[in-house]
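Residue-level structural notes
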Amino acid sequence: DDIDIGDDVEVTKAWLARPSTKRTRWVEIRGDETALRLLGIEYALHPLALEDALRPSQRPKEERYETHAQIVVPRFVVHGDALAPQVATENVSIFVAGESLVTYAASTQAPAWSRRVRAELACSFTKLREEGSNFLAYRVLDAVLDSGAPAVAALRGSIARQRDILRRSKYSSNDAGATLQRIKCDLEQILRLLRPLARVLMTLVQDDDVVDHRYNSYIEDAGENVAELEDDIAAALSDIERLAEESELYFQRSQEKTIYVLTTVTAIFLPLQFVTGLFGMNFKYMPQLNDR
């Protein structure tokens, strides 16, 4: 075993006090700001880096400091049911300090990316166990990024369901319209995060100090996955736009039909109204008034 793992403040205090015989050390902090600041002292993490890690609205970034590197990547979490899912975003901060790796996320629950990496570490003779902190940082990064595909797939599935509801209701369902607007906002939010994330991955390929150049092909593969997500989101936004156009066209045609009916009725009754008005006027010398 070449990797030492700790994941809460109690373990961290005792853990840091004892010498480690492992080559690589990974400390995972879940929502405990005190533990993160303690590790900040231990590994000389820059105050600005800690501030970025604790800021929920921090955009994806990669930053090099004197004693460590920091990568901030978003994790996407799907809430709600399949009909009306909602996507929440949580940042995961990855600190690479020599052969030590520190990860921080605000959630106190063990996320899927953590369980996935730990399961891989539990297997013997895997590349993850053989490599150092750089490759471990990549695996954490890749596992976090993989949360994007299920989130976008859930939103696209909901768009298809809402489309069916709208068509069956003849585009009169207010709930479906509100859900589509919320989905559109979620998709746009994800897209706003993916664009700087793509730049972060490009920087990692060019910067060997954070992730070794031997792993560039892995980072490039993650970049391709991000590009695919951007394409999926663009397609989903197009689907929503088409639904809006369908709804507008439907009501436009309904209005045209209504105007046609009113025009036809008017064309039928207008001559009769004219004749009625003509012969109903009270004039003494009106033509044909005294005809028998």
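The structure reproduced in this document is the subject of the present report.

Cut-offs applied
Residues numbered from 1 in each chain as written. Predicted model: local features only at pLDDT ≥ 70, side-chain atom pairs only at ≥ 80, totals over all residues. Heavy atoms only, no water. Pairing = 2+ DSSP bridges. Helix = DSSP H or I, 4+ residues; strand = E, 2+ residues; numbered from the N terminus. Buried < 20%, exposed > 50% of the residue type's maximum accessible area, 1.4 Å probe, protein only. Axes fitted to C-alpha atoms, helices over the stretch in contact; angles between N-to-C directions. Parallel < 35°, antiparallel > 145°, perpendicular 65-115°, else oblique. Left-handed = near helix turned anticlockwise from the far one by under 90°. Contact = heavy atoms within 4.5 Å. Nonpolar A, V, L, I, M, F, W, Y, C, P; charged D, E, K, R; others polar.

1. A look at the pairing of strand E3 (residues 61-64)
Two faces make up the sheet, and in a regular strand the side chains alternate between them. Across 4 bridges, E3 lies against strand E4 (residues 69-79) in antiparallel orientation. The partner of Arg64 across the bridge, within E4, is Ala69. Once E3 ends, the chain turns through 4 residues before running back antiparallel as E4.

2. Things to note about the pairing of strand E2 (residues 24-30)
Most of E2 sits inside the fold, with 6 of its 7 residues counted as buried. Pairing geometry for E2 and strand E6 (residues 100-105), over 6 bridges, is parallel. Following the sheet pairing, Glu28 is matched in E6 by Thr103.

3. Looking at the packing of helix H4 (residues 112-122) against helix H6 (residues 133-145)
Here H4 crosses H6 at 140°, and the two axes come no closer than 8 Å. It follows that H4 is oblique to H6 by the angle criterion. Regarding H4 and H6, the two cross each other, and that crossing is right-handed. Packed against H4, whose contacting residues are Trp113, Arg116, Val117 and Glu120, the element H6 presents Leu136, Arg139, Val140, Asp142, Ala143 and Val144 at the interface. Here the residues of the contact of H4 with H6 are counted per class, giving 6 nonpolar, no polar and 4 charged.

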